[in-house]
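Chain and residue survey
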Amino acid sequence: AKAAGRNTFRFFDPSMEASVKKRAELDADLRLAVQNQQFLLHYQAQIAEAGRITGAEVLLRWQHPDRGMISPAEFIPAAEETGLIIPIGLWVLESACRQLALWAKQPAMAHLSVAVNVSAHQFRKSDFVAQVLAVIRNSGANPERLKLELTESLLVENVGEVIEKMFALKSKGLCFSLDDFGTGYSSLAYLKRLPLDQLKIDQSFVRDVLIDPNDAAIARTIIALGQSLGLAVIAEGVETAEQRDFLSSHGCHAYQGFLFSRPVPLRDFEHLVQSI
Ligand code: C2E
Ligand code: CA
Ligand code: CA
Ligand code: CA
């Protein structure tokens, strides 16, 4: 550790050294994971009123050779900082489109849409639009079944460019959902300029919607906002029938959450769809 002089911080304490080392290991492992194809996707059902499955959100999983399944919350931030989110995100998009093209040939699955999380770093790349269109073309997926989930972190700078890209993709049939709505920096002024299709109520507001009046007020407000802007609203993290009933009674009729299904491997998701 560095010697701490007068009025200086001991900024290199041992615990930090350990975390720097851990972080370097994570970065190296992530690089290998990309090369060795250690990623897989789980599918979480998106539900409309009456329990109909309208599609799935694909959620990334990392099958680490020693550490087992690692949650995206643990590695997405690192992947964003190192830029590895670009090849990883491309792989997610390719896999999702390949699956859409396969489902299109199965009568029981052909109606499903797929929602893909797109990180702000990925969206900001200058060739993002061209890349998405190439993936769609090569896979044969119907772009109208592809939904991109964006977050408010995109709205911090160059919003004009973001809007242009969204319009370019929308003109090809894709749709957009604003993920984790209400947790970031969105300005209501942007909301009316963005060509969005859907707002997604973050699970942090859904969790205590029945016991915390503030969360209930926020959830109701997001639903009302969506309605008045002509946007669909979906709630994530719905775990109980009571939460669903509350949301439904206030006009939110699309849900995602453990009440209906956890994120599951492809086969399980397909069985779920066919069993309903
Ligand atoms: P998110 O987009 O907000 O996804 C929802 C998260 O909530 C998922 O966590 C999901 O498993 C979890 N969840 C779903 N229903 C429930 C519920 O009823 N209760 C509770 N407690 N949790 C529920 P997961 O899969 O660990 O993903 C975490 C985050 O990682 C995602 O949050 C998303 O921001 C990011 N992520 C996942 N896959 C990708 C990806 O392919 N690309 C990018 N850029 N980010 C991804
Ligand atoms: Ca999401
Ligand atoms: Ca979300
Ligand atoms: Ca969330």
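For the structure, check the block above.
Residues numbered from 1 in each chain as written. Chains lettered and ligands numbered in written order. Predicted model: local features only at pLDDT ≥ 70, side-chain atom pairs only at ≥ 80, totals over all residues. Heavy atoms only, no water.

Here we look at the pairing of strand S2 (residues 52-64)
Here is the rule: When a residue's accessible area, from a 1.4 Å probe over protein chains only, is under 20% of the maximum for its type it is buried; when over 50% it is exposed; and in between it is partly exposed. Helix numbering and strand numbering both begin at the N terminus, where a helix is a DSSP run of H or I of at least 4 residues and a strand a DSSP run of E of at least 2. Think of it this way: DSSP has to see at least two bridges between two strands before they count as a pair.
Burial of S2 is extensive: 10 of the 13 residues sit out of reach of the surface. With 10 bridges joining them, strand S1 (residues 39-48) and S2 adopt antiparallel strand pairing. Each bridged residue has a counterpart across the sheet, and for Leu41 the counterpart in S2 is Leu60. Hairpin connection from S1 to S2: three residues lie between these consecutive antiparallel strands, with Ala50 at a positive phi of about 75°.

Some words on the packing of helix H5 (residues 128-139) against helix H6 (residues 159-170)
Stated precisely, the cut-off is as follows: An axis is simply a line fitted to the C-alpha atoms; with a helix, the fit covers only the stretch in contact. Between two such axes, the angle follows the N-to-C directions and lies from 0 to 180 degrees. Any angle between 65 and 115 degrees counts as roughly perpendicular, while under 35 counts as roughly parallel, over 145 as roughly antiparallel, and the rest as oblique. It is the rotation of the near helix from the far one that decides the hand of a crossing: anticlockwise by less than a right angle makes it left-handed, clockwise makes it right-handed. Residue contacts are counted whenever heavy atoms from the two residues lie within 4.5 Å of one another. Gly falls in the polar group here, along with every residue not listed as nonpolar (Ala, Val, Leu, Ile, Met, Phe, Trp, Tyr, Cys, Pro) or charged (Asp, Glu, Lys, Arg).
Look at H5 against H6: their axes get within 10 Å of each other, and the N-to-C directions meet at 20°. In terms of orientation, H5 and H6 fall into the roughly parallel class. Between H5 and H6 lies a crossing whose hand is right-handed. Together, Phe128, Val129, Val132 and Leu133 of H5 and Lys165, Ala168 and Leu169 of H6 make up the contact between the two elements. Each residue belonging to the contact of H5 with H6 can be placed in one class, and the counts come to six nonpolar, no polar and one charged.

Looking at the coordination of the calcium ion (ligand 4)
Operational definition: Sites may look incomplete because water is not among the atoms; the donors themselves are N, O and S atoms within 2.8 Å of the metal, or within 3.2 Å for Na, K and Ca.
Coordination of the calcium ion (ligand 4) by the protein involves Asp180 (OD), Asp202 (OD) and Glu236 (OE), with metal-donor separations of 2.2 to 2.5 Å. In primary sequence terms, the donor set of the calcium ion (ligand 4) follows D-x21-D-x33-E. In this structure, the calcium ion (ligand 4) lies 3.1 Å from the calcium ion (ligand 3), and both are coordinated by Asp180. Of this pair, Asp202 sits in the loop between strand S7 (198-201) and helix H8 (203-206) while Glu236 sits in the loop between strand S8 (232-235) and helix H10 (241-249); the two residues are 34 residues apart in sequence, bridging distant segments of the chain. As far as the burial class goes, Asp202 and Glu236 line up, both buried.

Quick word on the pairing of strand S4 (residues 113-117)
The buried fraction of S4 is high, at four of five residues. In this sheet, S4 lies alongside S2 in parallel orientation, the contact comprising four bridges. Note on S4: the bridge partner recorded for Gly55 is Ser113. Two elements, S4 and strand S5 (residues 146-151), share four bridges in a ladder whose sense is parallel. Residue pairing for S5: Ala115 is matched across the bridge by Lys147.

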